[in-house]
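Residue-level structural notes
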Amino acid sequence: MTTFFFRSFVAVILIVSSLSMSAAQAPAAVSPVVIEDFSVGTATTSGYLLGTSPANGSGSLASVPLSGGSPTPLTAPNYVSYVVSPAGDRVVFYGAPYGVTLPHPNDSSRYWSVPVAGGTPVMLSEPTYAYPPLMQSPRFSPDGRTLTYIESDPALYGGGTHVLKSRLVDGSAPAARLSPDSGIVAKWAISPDSRWVVIWIGDSYGAVIGASTERWSIENSRMVRVPLHGPNSSAVTLDSTPGARGIYGTQAFSPDGSHMIYVLDGSVWSVNLTNGTKVRLSPDGQSVDPEAAALLVNPANVAIWNTGPSSPVFATPVTGPAAASRNLSAGLPGPILSQVGRPPWKASPGGDYVVMRVNEGVYSVAVNDPAASPVLLADGGGQGLSFWVTSDRLVFRTTSHIYSIPLQGPTGVESTVLVPISANLAANPISPDGSTIVGAMFREQTWDVFSVPVTGPSQNARNESYGSSQLNLIAADYWFFAPNSKHLVARDATMNTAYVFSIGSGPRTLRLSTDCSAEGSGLTVTPTPEQIHHLFLPSVGRCILTSSSP
């Protein structure tokens, strides 16, 4: 894998050489949109930012378009929680709407639905005032039309029986009870087609202490399936442990909503949600740790799972049988590196590839090809690697550079260098569509934000914030992509200010900052071939480089 590691000064020469070709063609710098008095919480798929706006009352939830503008308040101050619809067009929150006079003070202890752009709120929970019910864990259905939530009676010890309900978010029909008439709801999941709700219920339950909160011990447990809008009388039991405590781990639906795959008491199971047919996916005698196991089902209806820390990764059709399981990690030169609280493997979006780390190497294997073997994509050369996975590429970081390579393997082509290690990257620096990687570089008390295509090369990097004087004290830990992959959102480290960058709007230049000499002196270089030749060929060590137009 020595082909992956280029000499640092050669890589920098390549980067700067490209600037001589692109600087003259660079478009005018576009400063980011600045939204003041706004603490960013998240970005919606419909193009809005959600956060708090002190101008509308301490703790008031507000929205503002990614294009900029004044925040629109959605809730009264001190709301409790909120969830956003999959389409990003509505927000459901627990509290009171902004600027609405409530008929009764206890109405503030309800779920409300409001358009993300602002508008008339709709009360979703029934107005019974003697004891306002405790509302917990709101969750949208995948189609965005229905909210499910836990309702408990505070007049009863411990909050009552944890009843699961659903209601259309437009308020056009009364809430429907989904959970059976007896038992306590421990957890639930909605099928991707918004047809079914699978509920884990029992006489009592509790989270098993460990690295994952997905492991539940349920006494006299039942796993039932019920239509999303009820009635609960049509619930069908899919699995049960009568008179005992069942240990349930994580679960996953098949993308078409036909099967639920889950871990129960050391085995991986698959159940047909229509007819209740259940089949074991893990072979007899193979124990699956319900806390450490991870599950994924890809569009080919293949379940991907592991048995525990540092354990092999398997792929099995959701229809079984267990004998059809394939060990995706067979042939690796050692055990898979385990990470506390996280699965020892990553899957590409869509689940066509599984990526595993062994020793200092990163390997990929095609899931849907029965003859595929693991392929070595990156070798850390004795140094720790961090890496990210797109639908078709691995992006990985060495001690000197950031590279990307196709998941199917090198195919005789060297990996593509993206940016030098001087970049400060977030936990997930790749855009949701997998096309762009972003980073930040500290320079003269400000952060420069850059972007580069994951396919490279490094000379296609863009400095999105070049020439802006507004990026004072932006911490690289406080930025993230919007779901549309076209906007980057950064939050000021010390003030309630949001910055929104339009990816690709900045000039084709890259501002680098490293350490040139013991004195730390700087040198501004006009990117012409002659000056690049003079600077880098006799150079020893690392240098400070600032690019600018001739």
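Above this text is the structure in question.
Quick caveat, the model's predicted, so the values are computed rather than measured.

1. Remarks on the overall build of the chain
When helices and strands are tallied, the chain shows two helices and 43 strands. Across the 550 residues in the chain, those meeting the buried criterion constitute 51%. Looking at the chain as shown, the accessible area adds up to about 23,100 Å², and 53% of this sits on carbon and sulfur atoms.

2. Some thoughts on the environment of Met223
Residue position: Met223 is located in strand E18 (residues 222-227). According to the relative accessible area criterion, Met223 is buried, its value standing at 0%. Look past the residues within four positions of Met223 in its chain and what remains in contact with it is Val198, Ile199, Trp200, Val236, Thr237, Leu238, Asp239, Tyr248, Tyr262 and Val271.

3. So, the pattern of salt bridges
Within the structure shown, the criterion is met by three salt bridges. Note that Glu151 is salt-bridged to Lys165, the shortest N-O span being 3.0 Å. Of this pair, Glu151 sits in strand E11 (residues 146-152) while Lys165 is found in strand E12 (residues 163-168), placing the two residues 14 residues apart along the sequence. With relative accessibility at 16%, the residue Lys165 sits in the buried group. For the salt bridge of Arg280 with Asp284, the shortest nitrogen-to-oxygen distance reads 3.2 Å.

4. A few points about unusual backbone geometry
Here the bond from Gly230 into Pro231 is cis, since omega is 0°, no more than 30 degrees from zero. Tracing the backbone through its elements, the reader meets Pro231 in the loop between E18 and strand E19 (236-240). Put simply, Gly320 and Pro321 share a cis peptide bond, and its omega is -5°. Positionally, Pro321 belongs in the loop between strand E26 (313-317) and strand E27 (326-327). Positioned with a positive phi, Ser194 is a non-glycine residue whose angle comes to about 60°. Within the element layout of this structure, Ser194 appears in the loop between strand E14 (184-190) and strand E15 (196-202). We classify Ser194 as buried; its relative accessible area is 10%.

5. A closer look at the nonpolar core
Core analysis: the largest hydrophobic core is formed by 16 residues, its most contacted members being Val198, Trp200, Met223, Met260, Tyr262, Val271 and Leu273. Residue assignment for this core shows that the elements contributing at least two residues are E14, E15, strand E20 (245-253), strand E21 (259-264) and strand E22 (267-272). If sequence neighbours within four positions are ignored, Met260 has contacts with Ala189, Val198, Trp200, Gln251, Ala252, Phe253, Trp269, Ser270, Val271 and Leu273.

6. Digging into the pairing of strand E34 (residues 401-406)
Among the six residues of E34, five are classified as buried, and the element is accordingly described as predominantly covered. In the sheet, strand E33 (residues 393-397) pairs with E34 via five bridges, with the strands oriented antiparallel. If you follow Val395 over to E34, its bridge partner there is Ser404.

7. Focus on the side chain of Arg167
By secondary structure assignment, the location of Arg167 is in strand E12. Engagement of the side chain of Arg167 in a polar contact is seen with the backbone oxygen of Leu124, the distance being 2.4 Å. A polar contact of 2.8 Å, which involves the side chain of Arg167, links it to the backbone oxygen of Ala173. Beyond its immediate stretch of four places on either side in the chain, Arg167 contacts Met123, Leu124, Ser125, Arg145, Thr146, Leu147, Ala173, Pro174 and Ala175.

8. Things to note about the sheet that holds strand E29 (residues 353-358)
Across the sheet, four strands lie side by side as E28-E29-E30-E31; this open sheet has antiparallel pairing. Each edge of the open sheet carries a strand with a single partner, namely strand E28 (345-347) and strand E31 (375-379). Taken over all neighbouring pairs, the strand axes of this sheet differ in orientation by 25° on average, direction set aside. Alignment of E28 against E29, held across three bridges, turns out to be antiparallel. By the bridge assignment for E29, Lys346 is matched with Val355.

9. Looking at the environment of Tyr353
By secondary structure assignment, the location of Tyr353 is in strand E29. Residue classification places Tyr353 among the buried residues on the basis of a relative accessible area of 18%. Here the alpha-carbon distance between Tyr353 and Arg393, two residues 40 residues apart in the chain, equals 9.8 Å. Setting aside residues no more than four positions away along its own chain, Tyr353 makes contact with Lys346, Ala347, Ser348, Ser364, Val365, Ala366, Val367, Ser391, Leu407 and Gln408.

10. Brief notes about the side chain of Ser404
Looking at where Ser404 falls in the secondary structure, it is placed in strand E34. Within the structure, the side chain of Ser404 is placed 3.1 Å from the side chain of Arg393, a separation counted as a polar contact. For Ser404, the side chain forms a polar contact with the main-chain oxygen of Val454, separated by 2.4 Å.

11. Side note on the packing of aromatic side chains
Describing an aromatic ring pair means giving the distance of the ring centres and the angle of the ring planes. A full pass over the atoms with the stated rule returns four aromatic pairs. Judged by centre distance (5.4 Å) and plane angle (65°), the rings of Tyr111 and Tyr149 are edge-to-face. Of this pair, Tyr111 sits in strand E8 (residues 110-115) while Tyr149 sits in strand E11, and the two are 38 residues apart along the sequence. The exposure class assigned to Tyr111 is buried, which follows from its relative accessible area of 1%. Classification of Tyr149 by relative accessible area gives buried; the value is 0%. Site record: aromatic cluster; members linked through ring pairs are Tyr94, Tyr111 and Tyr149. The positively charged end of Lys187 is found above the aromatic ring belonging to Trp200, 5.1 Å away from the centroid. Against the face of Phe387 rests Lys346, its NZ or CZ located 4.4 Å from the ring centre.

So, how was this worked out
- Residues numbered from 1 in each chain as written.
- Predicted model: local features only at pLDDT ≥ 70, side-chain atom pairs only at ≥ 80, totals over all residues.
- Heavy atoms only, no water.
- Helix = DSSP H or I, 4+ residues; strand = E, 2+ residues; numbered from the N terminus.
- Buried < 20%, exposed > 50% of the residue type's maximum accessible area, 1.4 Å probe, protein only.
- Areas by Shrake-Rupley, 256 points an atom, 1.4 Å probe, with all protein chains shown as cover.
- Contact = heavy atoms within 4.5 Å.
- Salt bridge = Lys/Arg side-chain N within 4 Å of Asp/Glu carboxyl O.
- Core = buried A, V, L, I, M, F, W, Y, C linked by side-chain atoms within 4.5 Å.
- Pairing = 2+ DSSP bridges.
- Polar contact = N/O pair within 3.5 Å; in protein donor to acceptor, adjacent residues only side chain to side chain.
- Axes fitted to C-alpha atoms, helices over the stretch in contact; angles between N-to-C directions.
- Phe/Tyr/Trp six-rings, centres within 6.5 Å; stacked < 30°, edge-to-face > 60°.
- Lys NZ or Arg CZ within 6 Å of the ring centre and 35° of its normal.

Keep in mind these numbers describe shape, not what the thing actually does.
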